[in-house]
Amino acid sequence: MANRTVGPGQWEELQRLLKAHRSVDYAYRRASEFAERAKKPLTTFPPSSERDALLALPDYILSRDR
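Residues numbered from 1 in each chain as written. Predicted model: local features only at pLDDT ≥ 70, side-chain atom pairs only at ≥ 80, totals over all residues. Heavy atoms only, no water.

Draft legend 1. Layout of the overall build of the protein chain. When its secondary structure is counted, the protein chain shows three helices and zero strands. Helices (α) and strands (β) of the protein chain occur, in sequence order from the N terminus, as α-α-α. Its C-alpha atoms give the protein chain a radius of gyration of 17 Å, more than 25% over the compact-globule value 11 Å for 66 residues. When the backbone C-alpha atoms are referred to their principal axes, the protein chain occupies close to 50 × 20 × 20 Å. Accessible area for the protein chain stands at about 6,000 Å²; split by element, carbon and sulfur atoms hold 58% of it. Looking at the protein chain, you have 12 positive and 9 negative side-chain charges, and the mean spots of the two groups are 5 Å apart. (Helix = DSSP H or I, 4+ residues; strand = E, 2+ residues; numbered from the N terminus. Rg over C-alpha atoms; globule rule 2.2 N^0.38 Å. Areas by Shrake-Rupley, 256 points an atom, 1.4 Å probe, with all protein chains shown as cover. Lys, Arg positive; Asp, Glu negative; His and termini not counted. Charge placed at Lys NZ, Arg CZ, Asp CG, Glu CD.)

Here's what the structure looks like:
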């Protein structure tokens with residue numbers, strides 16, 4: 001991957017390994033934990049549209065497909 005010469009078969013093998021070891025699931029769980037930790041300090045600010053936008057941002061990022 002470092003030299004950008006990864007062939008289709010190698011990508012398929014990488015995807016197979018990631019699925020077998022549930023790496024994507026683990027990464028998503030960790031990202032969710034970090035998102036919740038990031039939102040907690042925002043609750044100290046008074047309600048506002050800006051605060052609401054910042055609170056919604058981590059959830060939006062986690063929910064998008066790409």
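Draft legend 2. Examining the side chain of Lys39 more closely. Note on placement: Lys39 falls in helix H2 (residues 23–39). A residue is classified by how much of its surface remains accessible, and Lys39, at 12% relative accessible area, is buried. The residues contacting Lys39, other than those within four sequence positions of it, are Leu55, Pro58 and Asp59. (Buried < 20%, exposed > 50% of the residue type's maximum accessible area, 1.4 Å probe, protein only. Contact = heavy atoms within 4.5 Å.)

Draft legend 3. Representation of the packing of H2 against helix H3 (residues 49–63) within the structure. Where H2 meets H3, the closest approach of the two axes is 9 Å, and the angle between their N-to-C directions is 170°. Considered as vectors, H2 and H3 are oriented roughly antiparallel to each other. The residues of H3 that touch H2, namely those facing Tyr28, Ala31, Ser32, Ala35, Glu36 and Lys39, are Leu55, Pro58, Asp59 and Leu62. Classifying every residue of the contact of H2 with H3 by side-chain character gives six nonpolar, one polar and three charged. (Axes fitted to C-alpha atoms, helices over the stretch in contact; angles between N-to-C directions. Parallel < 35°, antiparallel > 145°, perpendicular 65-115°, else oblique. Nonpolar A, V, L, I, M, F, W, Y, C, P; charged D, E, K, R; others polar.)

Draft legend 4. Here's a closer look at the pattern of salt bridges. Inspection of every chain in the model, using the stated rule, returns four salt bridges. Residue Arg30 is joined to Glu33 by a salt bridge in which the shortest nitrogen-to-oxygen separation is 2.9 Å. Of this pair, Arg30 and Glu33 both sit in helix H2, three residues apart, which is roughly one turn of the helix. On the basis of relative accessibility, which here comes to 43%, the residue Glu33 falls in the partly exposed class. The network of salt bridges with shared partners includes Glu36, Lys39 and Asp59. (Salt bridge = Lys/Arg side-chain N within 4 Å of Asp/Glu carboxyl O.)

As far as function goes, none of this settles anything; it's purely spatial.
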